[in-house]
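# Coordinate analysis (summary)
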Amino acid sequence: MKKWKTKETENERNRKPGKQQTREVQEGHSRMAQKKKTTVTVVSQKQIAAQIYDLWVETELAEEARAGQFVAVYPHNAATLLPRPISICEVDRDRSRLRLVYRVAGKGTAEFSACSAGESLEVLGVLGNGFPVEKAVGRKVLLMGGGIGIPPMLQLARELEAEKHILLGYRDQDLFLQEDLGQYGQVYIATEDGSVGVQGNVMDIIRVNALEADMIMACGPMPMLRAIKKYAAEQGIAAYISLEERMACGVGACLGCVCRTKEIDAHSHVHNARICTDGPVFEAEEVEI
Ligand code: FES
C-alpha cells in the first residue's frame, strides 16, 4: 500500500515553481471560496476492512452528487490546514445522504475514522467532474476498481445504463464492497496473493476471462491506470480513468496533483491539468501518466 508520505513525495515532483505556482495557488483558493463549506452530520460509521471505513453523512450535497465526484473533508485539528479529498461511494438522494468509503492514510483520515453518529464534519463539495455516464448508455462497459479506487465504482455501477462487468482488485482476502457491487453487474475479483479469485490484478481478470468491451471506466493506483490506458489504446476503445489517487488537498490549493495533458489548456497555455479541479476523471488518451 502506498503511504501518504510517499504520495506527497511523488506529487512534489510535479509541482511547478515561481510565479506560475503562486498564481495557481491564488486561483485555487478563489475556487475554494466559490464552493461553499457545509456542515454534514455523521449518520453511521463502521470499519469494513483493514484501514477502510464506511461513513454515511447527511447533507443536501446528495442532491447534486454524481459518480466519480468527491468531497473535501476538513479535519477538526487546526494544525492540519488542508482538507482531505474523499470520493463519493454512494448517493441516497431520497434521504439526503452520501456514503464515503475511505482508507485511513494519515492524521486527518484517522481523525475522521473516530467520528460516530451525531457528530458533525466540515465538508467542501461537491467537487470534480465525475464519469461521463451518458457516453456509456447501451454499451458493454468494464468498471475497474483497484484498492481504494473501488468505492467510486459503486455509484458508477448504480448510474450506468449499460452492460456492466465489474472488475475489482484487492491485495488479499480482506475484501470490501464486493457484495454491494454484485447487485449491479457481474463481479470478478483479483487478489495479489491469489487468496480470492484470479491471482494478480484487474488486467489479469480480463486475460483469464477473455473479456471484451466497448469502454472502460476505472479508478485505482497509477500502475493499474497506466496498464488500462495501454490496453484501451491497443483495443481501440475509450477509457475514462479517475486519477484521484494523485490528489492531496483536493481543492486546487497545493498543486500536488498537476499532470501533463495532450492538449494545451486554453487558459494557462500549458500542457498541464490539475487533477482535482480539471478531473479527477480524464479520457485516458488525453493525459500522460
Ligand atoms: Fe491540491 Fe490539486 S491542487 S490536490
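So, here's what we can say about the structure. (Residues numbered from 1 in each chain as written. Predicted model: local features only at pLDDT ≥ 70, side-chain atom pairs only at ≥ 80, totals over all residues.)

As a further point, take the overall build of the protein chain. Secondary structure summary: the protein chain contains eight helices and 17 strands in total. Within the protein chain, the fraction of its 289 residues that count as buried is 45%. The contacts of the protein chain with a sequence gap of at least 6 include a subset with a gap of at least 24, amounting to 62%. (Helix = DSSP H or I, 4+ residues; strand = E, 2+ residues; numbered from the N terminus. Buried ≥ 20, exposed ≤ 12 C-beta atoms within 10 Å, placed from the backbone. Contact = placed C-beta atoms within 7 Å.)

Time to look at helix α7 (residues 222–235). With 14 residues, α7 ought to run about 20 Å at 1.5 Å a step, and its terminal C-alpha atoms sit 20 Å apart, in line with that. Of the positions making up α7, those classed as buried are Met-224, Leu-225, Ile-228, Lys-229 and Ala-232. All buried residues of α7 fall inside an arc of 140° around its axis, so they share one side. The exposed set on the far side of α7, more than 90 degrees from its buried face, consists of Pro-223, Ala-233 and Glu-234. Looking at the packing, one finds that the buried side of α7 touches β8 (140–146), β9 (163–170), α6 (202–209), β12 (215–219) and β13 (238–242). Gly-236, located one to two residues past α7, shows a positive phi value of around 70°. (Expected span 1.5 Å × (residues − 1). Arc of directions from axis to C-beta.)

A word on the sheet that holds strand β17 (residues 287–288). Strand order in the open sheet formed by three strands is β15-β14-β17, with antiparallel pairing between adjacent strands. On the outer flanks of this sheet lie β15 (272–274) and β17, each paired with one strand and no other. Bridge count for strand β14 (residues 258–261) against β15 is three bridges, and the pairing is antiparallel. What sits directly across from Val-258, in β15, is Arg-274. (Pairing = 2+ DSSP bridges.)

On to the pairing of β9, then. Extensive coverage of β9 is indicated by the burial of seven of its eight residues. Sheet topology note: the β8/β9 ladder contains seven bridges and is parallel. Within β9, the position partnered with Leu-142 by the bridge is His-165. In the classification by handedness, the crossover that spans β8, the intervening helix α4 (residues 151–159) and the parallel β9 is right-handed. Pairing geometry for β9 and strand β10 (residues 186–191), over six bridges, is parallel. The residue of β10 that forms the bridge with Tyr-170 is Thr-191. (Right-handed = clockwise from strand over helix to strand, strands pointing away.)

Summarising the element assignment, Leu-124 is placed in strand β7 (residues 120–127). Each C-alpha atom of the pair Leu-124 and Leu-61 lies 9.4 Å from the other, and the pair is 63 residues apart in sequence.

This part covers the sheet that holds β9. Spatially, the seven strands line up as an open sheet ordered β11-β10-β9-β8-β12-β13-β16, and their pairing is mixed. Of all the strands in the sheet, just β11 (198–199) and β16 (281–283) have a single pairing partner and so form its edges. Inspection of the sheet shows β10 paired to β11 by two bridges, in the parallel sense. Counted as the bridge partner of Thr-191 is Gln-199 from β11. α6 rests against β8, β9, β10 and β11 of the sheet, and its axis sits at about 120° to β10. The strands that α7 touches are β8, β9, β12 and β13; relative to β13, the one it contacts most, it runs at about 165°. (Axes fitted to C-alpha atoms, helices over the stretch in contact; angles between N-to-C directions.)

On to the nonpolar core, then. Grouped together as the largest cluster of nonpolar side chains are 86 residues, with contacts concentrated most on Val-71, Leu-143 and Ile-228. Domain assignment of the residues forming this core places at least three in each of domain 1 (35–127) and domain 2 (133–288). Once residues lying within four places of it in the same chain are set aside, the contact partners of Leu-143 are Met-153, Leu-156, Ala-157, Lys-164, Ile-166, Leu-167 and Met-217. (Core = buried A, V, L, I, M, F, W, Y, C linked by C-beta atoms within 7 Å. Domains from an automatic or database assignment.)

With that settled, consider the pairing of strand β4 (residues 84–87). A two-sided burial pattern is seen for β4, the buried positions comprising Arg-84 and Ile-86 on one face and Pro-85 and Ser-87 on the other. Of the pairings in the sheet, the one linking strand β3 (residues 70–74) to β4 comprises four bridges and is antiparallel in character. Residue pairing for β4: Phe-70 is matched across the bridge by Ser-87.

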